[in-house]
Amino acid sequence: MATSTKTREFLNETGGIARFTGQLFSVTSKPPYEVREFLSQCYSIGYRSFSLIGLTGFIMGLVLTMQLRPSLVYYGVESKLPMMVGIAIVREIGPVITALIFAGKIGSSIGAELGSMKVTEQIDAMEVSGTNPYKYLVATRVLAATLMLPILTVLSDAIGLFGAYIGVNIKAVTSFRLFFTQIFQNLQYGDLTPAFIKTFLFGFAVGMVGCYKGYNSNKGTRGVGSSANSAVVLSSVIIFIIDLLVVQVTDLLGLN
Amino acid sequence: MNNQGENNIKLGVFVLTGLFVLILSFYLIGKNRNLFGSGFTLRVRFQNLNGLMEGGNVLYAGIQAGTVDEINIINDTTMEVTLLMDKKFKPYIRKNALAVIGTEGLMGEKVVNISAVNKKAALIENGDQLAVKRVIGTDEMLQTLSQTNNNFAVVSGALKTTVAKINDSKIWDVLNDSSTASNIRASLNNITKTTANAREMTRNLDQLITQTKRGKGAAGLLLSDTGFAADLKTTMVHVKATSTEVNRLAVQLNQVVQNVNADNGVLKLLNDTSAAANVRKSLENIQKGTDGFNQNMEALKHNFLLRGYFKKQEKLQKARQ
């Protein structure tokens, strides 16, 4: 009986998210466009996340280099360190870690913000005033998250590679030019393009899950925290599922 | 409103920076693959690509010069690889340049290496086909190594038999003998002493030769005396004459001996037993004659006519003594 209820809840949740997502496409394509709110969300979601994403990216590159180095020295291929770090950051670690940090900061923020608006009936008030709350609140946030995460990922990758350069130079001496030449000589479009494309999907998932959880929040102020928390957890899981699917598709296309 | 504008500017900078980094990344990757700018193509036909793939690097004299653009199968033993080359290498690559498939590092990806030949040839043109340099592949190396391994096994077996024979031989007993080392040591000491003596002898000989050269000593005098040769020559002439004379005497002596050995010679007489009896009888007669003579002489000494003479003779003899 309990299993049946959980299954029903899961299916209900899945259907709710699907409906919520489908609603986005139908609403976004019709004017009026909330450009100002969209830019405002881009600023708060993208620009204001940059410092956190940049810091984690730098540490990620530095630590990854220092962790990889002993193994490569053991096998006598220390000179391949820039290549390995470059491919690892660009292909996988950069997009996924950035998306997870993004989910932690933005997913929870959107979930909490919309959840509090829901429980304080601000969303209902917007509907009454003739403003489409979905278009104003959800569409702008989802679009902003979808477009800002790829840019954040690119910048995070760049900072991460700079951190890796510093990591290499802690134990050895490599010129800046040689380091980046080695990285880009071994990178291909097959490395960069799928990684870049999947960040759009990550951003869309984080924005959509955060908005869904916040928009459907209930149980008062307690529900706000729950929405924020479940938004982060669910979006993190979805990030890994999307990553798994993209790897399979990339492999099928022969880009691996 | 001002705050909103400022935020938009910050957002614009943020987005543009991200796009710039993204475009720069795409450009750098494309530049390494010669996707931007005009280049030229070359063709190479290999029998075996050994895992070479499209997008692989092309090196000219070890420098990144292009990428593998296309791979086509011409027939069952010929694969044509089209190389997209950087145009800055066009003034340096000649028609007789050789291409070979190599490996980047020990375990790296396959690359096409183009190397120049030290002979004059015209510069390469777009679409030219390069000749292939034949190199020993890993399979051939392994085959050779396998053969070497078999030979080594045979040699190893023979060596094992030899070692077994040595172990069973007396030489091994000698080597195992604890006194061998001390004997060898003693022998070495002796050799050392002998060597020292030889050195001393050599030194003395050297001194002797030096002194001889300077004309010191008998040998030196002989060797350095210029008149000695003439004397020696004269001596040799004399020796030769003497030798001739001796030869002549020997002939004569030979004649004498032949006469002695003849039937009527002295030697025949010596061998005759009757002659010996006659000689013995004669000697006895002589003995008797001599005794008689001694008695006569003694009688003469006591004769008053000759006594004075004998006494005088005795005195003279005593005076001489």
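Values in this document were obtained by computation on a predicted structure and should not be read as measured data.

*Asks:* Would you mind showing me how to read the sheet that holds strand β6 (residues 110–115) of chain B here?
*Replies:* Two modes of strand pairing occur in sheets, parallel and antiparallel, and in both the strands are linked by backbone hydrogen bonds. Residues and elements named next belong to chain B. Taking strand neighbours around the barrel as the criterion, the 7 strands line up as β1-β4-β3-β2-β6-β5-β7 in a closed arrangement whose pairing is mixed. Between one strand axis and the next, the sheet turns through 40° on average, direction left out of account. Bridge analysis of strand β3 (residues 63–75) against strand β4 (residues 78–86) gives 8 bridges, and the strand direction is antiparallel. Each bridged residue has a counterpart across the sheet, and for V68 the counterpart in β4 is L83.

*Asks:* Hey, could you run me through the nonpolar core in this one?
*Replies:* Note that soluble globular proteins tend to have their nonpolar side chains buried in a common cluster. If you look at the biggest cluster of nonpolar residues, it comprises 47 residues, and the most contacted ones within it are F20, F102 and V138 of chain A. The greatest single-element share of this core, amounting to 13 residues, is contributed by helix α6 (residues 133–171) of chain A. F102 of chain A has contacts with I45, I53, G107, A145, L149, L152 and V206 of chain A, leaving out every residue within four places of it along the chain. Counting residues in hydrophobic clusters, the runner-up holds 23 residues, among them L83, A97, I114 and L130 of chain B.

*Asks:* Hey, could you run me through the pairing of β3 of chain B in this one?
*Replies:* Successive side chains on a regular strand alternate, one facing one side of the sheet and the next facing the other. Residues and elements named next belong to chain B. With 4 bridges joining them, strand β2 (residues 57–60) and β3 adopt antiparallel strand pairing. Within the sheet, the bridge partner assigned to L59 lies in β3 and is Q64. Between β2 and β3, which pair antiparallel in sequence order, lie 2 residues; one of them, A61, sits at a positive phi of approximately 55°. Counting the residues between successive antiparallel strands, the hairpin from β3 to β4 contains 2 residues.

*Asks:* Looking at this structure, how should I read the interface of chain A and chain B?
*Replies:* The parts lose accessible area when they come together, and the size of an interface is often stated as this lost area. Taken together, the contact between chain A and chain B spans 23 residues of the former and 22 residues of the latter. Surface buried jointly by chain A and chain B totals about 2200 Å² across both partners, of which 74% is contributed by carbon and sulfur atoms. Taken as a group, Y43, F184 and Y189 of chain A account for 29% of the area that chain A buries against chain B, more than any other trio of residues on that side. At the boundary of chain A and chain B, one finds 0 salt bridges. The interface formed by chain A and chain B holds 3 residue pairs in polar contact (both at pLDDT 80 or more) in total. Elements supplying a minimum of two residues to the side of chain A that touches chain B: α2 (35–45), α6, α7 (176–186) and α8 (189–215) of chain A. For the side of chain A that touches chain B, a count of residues per class yields 16 nonpolar, 6 polar and 1 charged.

*Asks:* Looking at this structure, I do not really get the environment of N96 of chain B. What am I missing?
*Replies:* Residues and elements named next belong to chain B. With respect to the helices, strands and loops of the structure, N96 is situated in the loop between β4 and β5 (98–103). Through-space distance from the C-alpha of N96 to that of L123 is 8.7 Å; in sequence the pair is 27 residues apart. Setting aside chain neighbours within four positions, we find N96 in contact with V117, K119, K120 and A121.

What counts, and at which threshold
- Residues numbered from 1 in each chain as written.
- Chains lettered and ligands numbered in written order.
- Predicted model: local features only at pLDDT ≥ 70, side-chain atom pairs only at ≥ 80, totals over all residues.
- Heavy atoms only, no water.
- Pairing = 2+ DSSP bridges.
- Helix = DSSP H or I, 4+ residues; strand = E, 2+ residues; numbered from the N terminus.
- Axes fitted to C-alpha atoms, helices over the stretch in contact; angles between N-to-C directions.
- Core = buried A, V, L, I, M, F, W, Y, C linked by side-chain atoms within 4.5 Å.
- Buried < 20%, exposed > 50% of the residue type's maximum accessible area, 1.4 Å probe, protein only.
- Contact = heavy atoms within 4.5 Å.
- Buried area = accessible area lost by both parts, 1.4 Å probe.
- Salt bridge = Lys/Arg side-chain N within 4 Å of Asp/Glu carboxyl O.
- Polar contact = N/O pair within 3.5 Å; in protein donor to acceptor, adjacent residues only side chain to side chain.
- Nonpolar A, V, L, I, M, F, W, Y, C, P; charged D, E, K, R; others polar.

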